[in-house]
Amino acid sequence: MSQELSQQQPVWIKDPLAILAEGAERGVVVDRGRIVELVPAGAMPGISGVTVFEAGQHVILPGLINTHHHFYQTLTRALPAAMDRELFPWLQALYPVWARLTPEALDLGVTVAMAELLLSGCTTTTDHHYVFPAGLEDAVDIEVAVAKRLGMRVLLTRGSMNRSQRDGGLPPDSVVQDEDTILADSERVVAKHHERGEDAMVQIALAPCSPFSVTTSLMRATSALADKLDVRLHTHLAETEDENSFCEATLGCRPLDYLEQCGWLGRRTWLAHGIFFNAAEMQRIGKAGTSISHCACSNQILASGCCPVCEMEEAGVAIGLGVDGSASNDASNLMQEVRAAFLLQRARYGVTRVSHKDALRWATKGSAACVGRPELGEIATGKAADLALFKLDELRFSGAGDPIAALVLCGAHRADRVLVRGRWVVTDGAIPGLDLTDVIRRHSAAARKMQAG
Ligand SMILES: [Zn+2]
């Protein structure tokens with residue numbers, strides 16, 4: 001369904017209203033999925049035979065990168081039984097509903113999440129799928145199919161849980177799997193779907209839900225398998241103060257110590273949340289090259305706390321942004337997440353330490369570090385041709401001075417055009433070939449069915 005920009009011919013995205021790049025005042029030339037030239041003020045492209053896309057009404061950003069999500073949770077947005085609860089009781093209210101997830105419902109949940117992300121200017125997304133009730137063994141395969149259908153770049157994680165209520169864990173027995181099943185399927189999905197190299201569109205990472213919903217044995221085996229297969233590792237960590245107390249009481253150490261004991265503290269790993277680390281721990285994370293996905297909306301809705309982003313960056317930790325699951329954020333809009341992170345962190349650190357450009361940097365270059373893809377998240381020669389183009393013709397932008405600041409400060413929420421690996425996947429604010437009315441109707445019906453039980 002994705003419309004080819006041009007596979008044969010370089011395209012000059014010409015004379016943007018503004019662009020988040022130095023020396024590209026007259027735009028960029030893209031060819032075969034990469035940015036091949038920045039065109040400075042007063043210049044023409046050095047490459048001959050370019051076709052032109054007039055971008056005079058567009059503000060251009062590097063495609064935004066979402067580093068944390070649970071797509072299936074779009075089926076349980078604003079669920080009354082889970083509202084106004086903190087993390088642990090919130091999870092306990094939702095697990096029985098999630099246990100009813102079917103392949104058809106997951107396909108719709110993933111389609112909704114990815115469509116919402118694309119339309120918000122997101123070009124690469126991760127997903128953390130960790131519920132595997134009987135019949136949903138092909139969850140990752142379903143997600144890959146949707147990503148290919150929509151033309152989105154993805155790093156999908158093969159999640160896992162193997163400590164259920166039977167073993168003193170939170171999830172019901174019906175949504176967990178045993179260690180052998182998890183590891184075998186992890187190998188299978190990596191072998192089947194993981195692409196390598198800078199042009200990769202589909203990658204796989206391994207991701208126990210949290211260190212406390214799986215056994216120590218599975219944590220260690222997952223890390224060893226990621227080393228063997230050369231793929232990334234992801235999990236939730238330091239999301240709540242409860243987690244520190246739980247870890248100290250049951251394991252006699254803090255969550256980061258436990259993570260390190262399991263062989264996880266290294267460059268392969270990016271962690272969702274990272275709110276409750278002390279100063280020494282931040283230094284250890286920075287030295288190890290582990291990165292953090294900051295989920296500003298989710299952290300505020302669940303009242304978990306506030307990730308100390310500036311101290312983390314000073315300690316050398318890369319910070320990306322994540323919308324997190326729709327049952328804690330309820331929206332999958334990454335541009336709105338940029339604004340939320342900007343507001344939360346500015347309130348914490350003040351006007352001199354956090355600007356709109358910092359928030360945009362977290363969602364692009366910072367997120368690229370989280371997903372281990374330095375070729376993404378930046379408008380520069382040789383980087384991926386993943387771009388988000390916004391128009392400023394809505395009421396909310398009227399009278400704005402700085403076009404790039406306006407995106408964050410006036411609350412941009414919908415891209416006009418989105419380019420992934422040189423292909424238009426959003427045009428005129430819509431996804432070509434995707435009937436959103438029909439998707440909403442079927443997704444709403446699937447959600448109602450799941451919630452009703
Ligand atoms: Zn999460």
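Described below are features of the structure shown in this document. (Residues numbered from 1 in each chain as written. Predicted model: local features only at pLDDT ≥ 70, side-chain atom pairs only at ≥ 80, totals over all residues. Heavy atoms only, no water.)

## Structural notes on the pairing of strand β11 (residues 202–208)
Burial analysis of β11 places seven of its seven residues in the buried class, the great majority of the element. Alignment of strand β10 (residues 153–160) against β11, held across seven bridges, turns out to be parallel. Residue pairing in the sheet places Gly-159 in a bridge with Ala-207 of β11. As for the winding sense of the linkage, the β-α-β connection from β10 through helix α4 (residues 179–193) to β11 is right-handed. As paired elements, β11 and strand β12 (residues 232–237) share two bridges and run parallel to each other. Bridged to Ala-205 within β12 is Arg-232. For the segment spanning β11, helix α5 (residues 216–229) and β12, crossover handedness is right-handed. (Buried < 20%, exposed > 50% of the residue type's maximum accessible area, 1.4 Å probe, protein only. Helix = DSSP H or I, 4+ residues; strand = E, 2+ residues; numbered from the N terminus. Pairing = 2+ DSSP bridges. Right-handed = clockwise from strand over helix to strand, strands pointing away.)

## Thoughts on the packing of aromatic side chains
Applying the stated criterion across every chain yields a total of seven aromatic pairs. Consider the rings of Tyr-72 and Tyr-130, whose centres lie 5.9 Å apart with planes at 85°: the pair is edge-to-face. Of the two residues, Tyr-72 sits in the loop between β8 (64–66) and α1 (87–98) while Tyr-130 sits in the loop between β9 (122–129) and α3 (139–150), which places them 58 residues apart along the sequence. Exposure remark for Tyr-72: the relative accessible area of 0% places this residue in the buried category. Look at Tyr-130 and you get buried, because its relative accessible area is 3%. (Phe/Tyr/Trp six-rings, centres within 6.5 Å; stacked < 30°, edge-to-face > 60°.)

## Some thoughts on the coordination of the zinc ion
Protein coordination of the zinc ion is provided by His-68 (NE2), His-70 (NE2), His-236 (NE2) and Asp-324 (OD), with donor distances spanning 2.1 to 2.4 Å. Coordination geometry of the zinc ion: the four donor atoms subtend angles of 88 to 172° at the metal centre, consistent with an arrangement described as irregular. The sequence pattern formed by the donor residues of the zinc ion is H-x1-H-x165-H-x87-D. Like His-68, the residue His-70 is buried in the burial classification. (Donors = N, O, S within 2.8 Å, 3.2 Å for Na, K, Ca; no water. Tetrahedral: all angles 85-135°; square planar, octahedral: opposite > 155°, others 65-115°.)

## Considering the pattern of salt bridges
According to the stated counting rule, one finds 29 salt bridges in the structure shown. The partner of Lys-383 in a salt bridge is Glu-378, and the shortest N-O contact between them spans 3.3 Å. Through salt bridges with shared partners, a single network forms among Asp-138, Asp-141, Arg-158, Asp-185, Arg-188 and Lys-192. (Salt bridge = Lys/Arg side-chain N within 4 Å of Asp/Glu carboxyl O.)

## What to know about the packing of α4 against α5
Where α4 contacts α5, the two axes come as close as 11 Å, and the packing angle between them is 20°. Judged on the interaxial angle alone, α5 and α4 are roughly parallel. The way α4 lies across α5 gives a crossing that is right-handed. Counting all contacts with α4, which are made through Glu-179, Ile-182, Leu-183, Ser-186, Glu-187 and Val-190, the residues of α5 involved are Ser-217, Leu-218, Ala-221, Thr-222, Leu-225, Lys-228 and Leu-229. (Axes fitted to C-alpha atoms, helices over the stretch in contact; angles between N-to-C directions. Parallel < 35°, antiparallel > 145°, perpendicular 65-115°, else oblique. Left-handed = near helix turned anticlockwise from the far one by under 90°. Contact = heavy atoms within 4.5 Å.)

## Observations regarding helix α8 (residues 279–288)
Restricting attention to buried positions, one finds in α8 the residues Glu-281, Met-282, Ile-285, Gly-286 and Ala-288. The arc that holds the buried residues of α8, viewed along the axis, is 165°, so those residues lie on one side. More than 90 degrees from the buried face of α8, the exposed residues found are Ala-279, Ala-280 and Lys-287. For α8, the secondary structure elements touched by its buried residues are α7 (255–261) and α10 (309–314). For α8, the N-terminal cap is Asn-278; the gap from its side-chain oxygen to the backbone nitrogen of Ala-280 is 3.3 Å. Positive backbone phi, at 80°, marks Gly-289, one or two positions downstream of α8. (Arc of directions from axis to C-beta. Polar contact = N/O pair within 3.5 Å; in protein donor to acceptor, adjacent residues only side chain to side chain.)

## Topic: the sheet that holds strand β6 (residues 51–54)
An order of β5-β4-β2-β6 is seen for the four strands of this open sheet, with the pairing classed as mixed. The open sheet has two edge strands, β5 (34–38) and β6, and neither has a second partner. The mean inter-strand angle of the sheet, taken between neighbouring strand axes irrespective of direction, is 30°. Alignment of strand β2 (residues 11–14) against β6, held across four bridges, turns out to be parallel. Among the inter-strand pairings, Trp-12 is bridged to a residue of β6, identified as Val-52.

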